Amino acid sequence: MTETSLWMIVPGNPGLSALILFIIAMPFLYAARRPVHELVRAVGHLAGGPMRLASKWLLAVAKEMRERNRQVLLSHGREETEQHIAREFERIGALVRRDLEGYPALQRRLLDEITRVEEDYKKCGEVPPPPPEWVEAVDAVAKVKNGNELVQRVLEEINRSIKTIYDRTLGEYREAYESRHKILNGFMPFWRSLQRTLSQAHTHITSLNDKATQIDAQMDKYQEIVKQTDRAEHVLTISALTQLAVASLVLAIAAGGALINYKLIALPMSEMVGAGDYLTASMRTSDVAALVIIFVEATMGLFLMETLRITHLFPGIHNLSDLMRKRMMWFAFGLLVTLAGIEAALALMRDMLIADKAALLQSLATVQQHQPNDGVLARIPTLGQMLLGFILPFALAFVAIPLESFVASARTVGGAALVVLARGAAFALRLAGNLVRSLSRVVITLYDVVIVLPLLVERLLSKKQNVAVDDEDLAVRRH
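Nothing here was measured: the structure is a model prediction, and the numbers come from that model.

*Asks:* Please explain helix 8 (residues 285-307) as it appears in this structure.
*Replies:* Side chains that are three or four residues apart share a direction in an α-helix, a result of its 3.6 residues per turn. Its 23 residues place the ends of helix 8 32 Å apart at the C-alpha level, agreeing with the 33 Å of an ideal helix rising 1.5 Å per residue. Just beyond helix 8, the residue with positive phi is Arg309, at close to 60°.

Structural data, given as structure tokens:
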């Protein structure tokens, strides 16, 4: 007999043997029904309980992290808003001092000059006075024809004298009129200057109004941050996410520039340090030296930005005295210029090495190739490499600005991501705990399905017993 047929009660008939074994085990399964139910429930509670507790703990941790991130975010946003409002007030103060400080004196001078111009204009607008009425009377008398020649001559002489005086008076008045017009013509440049001054004052006031509108918007934002509203938190989170994306893009571009910088100095560094010298099995010393130079340039640029107070990554640098900070700034700038000059020299050395290698390969070739003329055009790539090697260190110096933005925004975005992750893990654990409990109930039901025959017998017996008890009660009541 094989080992697989040892359990068969009826040889050659496994189905009948399994049925007989199942019938034999049925009473034992029925007898163990309650302990098995308790065991399955205990296993379900044992597996689901810790999951539910872990879920509650993760929810509490997520809530605490969210509150902490909220406080940090609002504090950072409040600090930035305060700095922005302070800068706007400084700009408005400078604008007022520069453009509107002499505005009252200018206004008084303009009013005085406008008054003078108006008076002169009114005087220029007067018409010449008509001749007096007595002149007309004398003229009428002079035209009278009478026989006395003496009277006629006297009247004509009087008429002629009066006309002469009138013409002289009219000429003097016209000369004064022309002089007033000349005065008005002299005021034309003043009018143009007045118009330009008023236009500039209008532009300055409009700019001041725009600045005031921006300050009002910042003050509204500041008030929402102080009140710790959900809208302020949402706006600051979106702003942090945007800053993280922009800073990541700029850092990726800077990494590309650092890679180009590495390619410029890797080859000459291998000639200086030694191409066959290895720190590890796959890392050459020259490559590490080139990377160290690039990292030192970035570090000097970071210190330069810190001493200029453009970035705020190291509070210790900002707490230095002004003299010490300026010394540190000039030291970092000098070292950065020195490294830039070294990179320019290494770029020139790289071009020379490539040219020597090309000349060696050409000398070893069987067919001599035509060499191009060594003119100005042939030196353009060399000059370009030297210029690139000199400029890239200064470009890497500005990496500190997006780096600070990346660090500040990554704190907020990372905290929000951890909160979401903790909540997701809590939901998954709670779901798993409920599934384990539901699975325990399913196992109990399946166990009852397996022993359904004894359960049916038990139910029938319990019904008969209940009927008998009811009959006895009824008989007792009749007696």
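*Asks:* Could you clarify how one ought to interpret the nonpolar core in this entry?
*Replies:* Among the nonpolar cores identified, the biggest contains 13 residues, and Tyr262, Ile265, Met269, Ala290 and Ile294 are the most heavily contacted of them. Going through the elements one at a time, helix 7 (230-273), helix 8 and helix 11 (376-397) are the ones with two or more residues in this core. Sort the elements by how many residues they give to this core and helix 7 lands first, with six residues. Ignoring anything within four residues of it in the chain, the contact list for Ile294 reads Ala258, Asn261, Tyr262, Ile265, Glu343 and Leu396.

*Asks:* In this structure, what is going on with the pattern of salt bridges? I would like to understand it.
*Replies:* Where charged atoms from two side chains of opposite charge come close, those side chains can pair. Overall, the coordinates contain four salt bridges when judged by the stated rule. In this structure, Asp322 engages Arg309 in a salt bridge whose closest nitrogen and oxygen atoms are separated by 3.5 Å. Placement of the pair is Asp322 in helix 10 (residues 322-364) and Arg309 in the loop between helix 8 and helix 9 (315-318), with a sequence separation of 13 residues. Given a relative accessible area of 45%, Asp322 falls into the partly exposed group.

*Asks:* For this particular structure, what's the right way to read unusual backbone geometry?
*Replies:* Glycine aside, residues mostly have negative phi, and peptide bonds are mostly found in the trans state. In this structure, Arg309 takes a positive phi of about 60° despite not being glycine. Exposure remark for Arg309: the relative accessible area of 40% places this residue in the partly exposed category.

*Asks:* Explanation requested: a nonpolar patch on the surface in the structure shown.
*Replies:* On the surface, Trp330, Phe333, Val337, Leu387, Phe390 and Ile391 cluster together into a nonpolar patch covering about 570 Å² of accessible area. Inspection of the secondary structure assignment puts Phe390 in helix 11. On the accessibility criterion, Phe390 (33% relative accessible area) is partly exposed.

*Asks:* Help me understand the packing of aromatic side chains, please; the structure alone is not making it clear to me.
*Replies:* Any two aromatic rings considered together are summarised by their centre-to-centre distance and by the angle between their planes. Enumeration according to the criterion identifies three aromatic pairs in this entry. Note on Phe390 and Phe394: the rings are 5.5 Å apart at their centroids and 55° apart in plane angle, and the pair reads as tilted. One end of the pair, Phe390, and the other, Phe394, are both in helix 11, four residues apart, so they sit about a helical turn from each other. Residue class for Phe394 comes out partly exposed when judged on its relative accessible area of 21%.

Rules behind the numbers
- Within each chain, residues carry numbers counting from 1 in the order of the written sequence.
- In view of the model being predicted, local features appear only for residues whose pLDDT reaches at least 70, and side-chain atom pairs are presented and counted only at 80 or more, with totals across whole chains, interfaces and linings using the full set of residues.
- Heavy atoms from the whole structure form the basis of all side-chain values; hydrogens and water molecules are not counted.
- Strands are runs of DSSP state E lasting at least 2 residues, helices are runs of H or I lasting at least 4, and numbering of each runs from the N terminus.
- Given the number of residues in a helix, its expected span is that number minus one, multiplied by 1.5 Å.
- Only buried Ala, Val, Leu, Ile, Met, Phe, Trp, Tyr and Cys residues count toward a nonpolar core, and they belong to the same one when joined by side-chain atoms within 4.5 Å.
- Buried means the residue's accessible area, taken with a 1.4 Å probe over protein chains only, is under 20% of the maximum for its type, while exposed means over 50%, and partly exposed covers the values in between.
- The contact rule is simple, with two residues in contact once any of their heavy atoms fall within 4.5 Å.
- Salt bridges, as used here, are contacts in which a Lys or Arg side-chain nitrogen is within 4 Å of a carboxyl oxygen on Asp or Glu.
- Excluding any residue in a salt bridge, patches collect residues exceeding 30% relative accessible area, merging like charges within 9 Å and nonpolar Val, Leu, Ile, Met, Phe, Trp and Tyr side chains within 5 Å.
- Areas reported as accessible are Shrake-Rupley estimates using a 1.4 Å probe. Residue values count occlusion only from the protein chains shown.
- Geometry of aromatic contacts follows a simple scheme: Phe, Tyr and Trp rings, the Trp one being its six-membered ring, pair when their centres are within 6.5 Å, and the pair is stacked under 30 degrees between planes, edge-to-face over 60, tilted otherwise.

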